[in-house]
Amino acid sequence: MDKKEKTESKISIIAEFWDFLKHRKKWWLGPIVFILLLMSLLIVLTEGSAVAPFVYTLF
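Residues numbered from 1 in each chain as written. Predicted model: local features only at pLDDT ≥ 70, side-chain atom pairs only at ≥ 80, totals over all residues. Heavy atoms only, no water.

The subject of this paragraph is the overall build of the protein chain. Check the secondary structure of the protein chain and you find three helices and zero strands. When the elements of the protein chain are put in sequence order from the N terminus, they spell out α-α-α. Here the protein chain holds 59 residues, and 7% of them are scored as buried. Split by element, the accessible area of the protein chain, about 5,500 Å² in all, is 71% carbon and sulfur. (Helix = DSSP H or I, 4+ residues; strand = E, 2+ residues; numbered from the N terminus. Buried < 20%, exposed > 50% of the residue type's maximum accessible area, 1.4 Å probe, protein only. Areas by Shrake-Rupley, 256 points an atom, 1.4 Å probe, with all protein chains shown as cover.)

So this is what it looks like as structure tokens:
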């Protein structure tokens, strides 16, 4: 799988999820997914830093 195919597959997953939300009227899933992505990004970015112990005490 080359780089172009990986990018297209990621975009198609996002487009398919958006289509699901739009057609099934599941708008409440959007904020949940957004918060989960935001939390995972926060954990990944602070994984190797000195801030990590302070972030983990918040949860």
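On we go from here.
The space that makes up the largest pocket amounts to roughly 200 Å³. Around the largest pocket, the lining residues are K10, I13, I14, F17, W18, L21, G30, V33, F34 and L37. The element that contributes the greatest number of residues to the lining of the largest pocket is helix α1 (residues 3-24), accounting for six residues. Taken together, the residues of the lining of the largest pocket break down into eight nonpolar, one polar and one charged. (1 Å grid on protein atoms, 1.4 Å probe; cavity = no way out; pocket = protein on both sides within 12 Å on 5 of 7 lines; lining within 4 Å. Points joined across faces, edges and corners; volume = space filled by probe spheres on them. Nonpolar A, V, L, I, M, F, W, Y, C, P; charged D, E, K, R; others polar.)

It is worth spelling out unusual backbone geometry at this point. Trans peptide bonds make up the majority, and among non-glycine residues the majority have a negative phi. The backbone phi angle of K25 is positive, close to 60°, even though this residue is not glycine. Note on placement: K25 falls in the loop between α1 and α2 (29-45).

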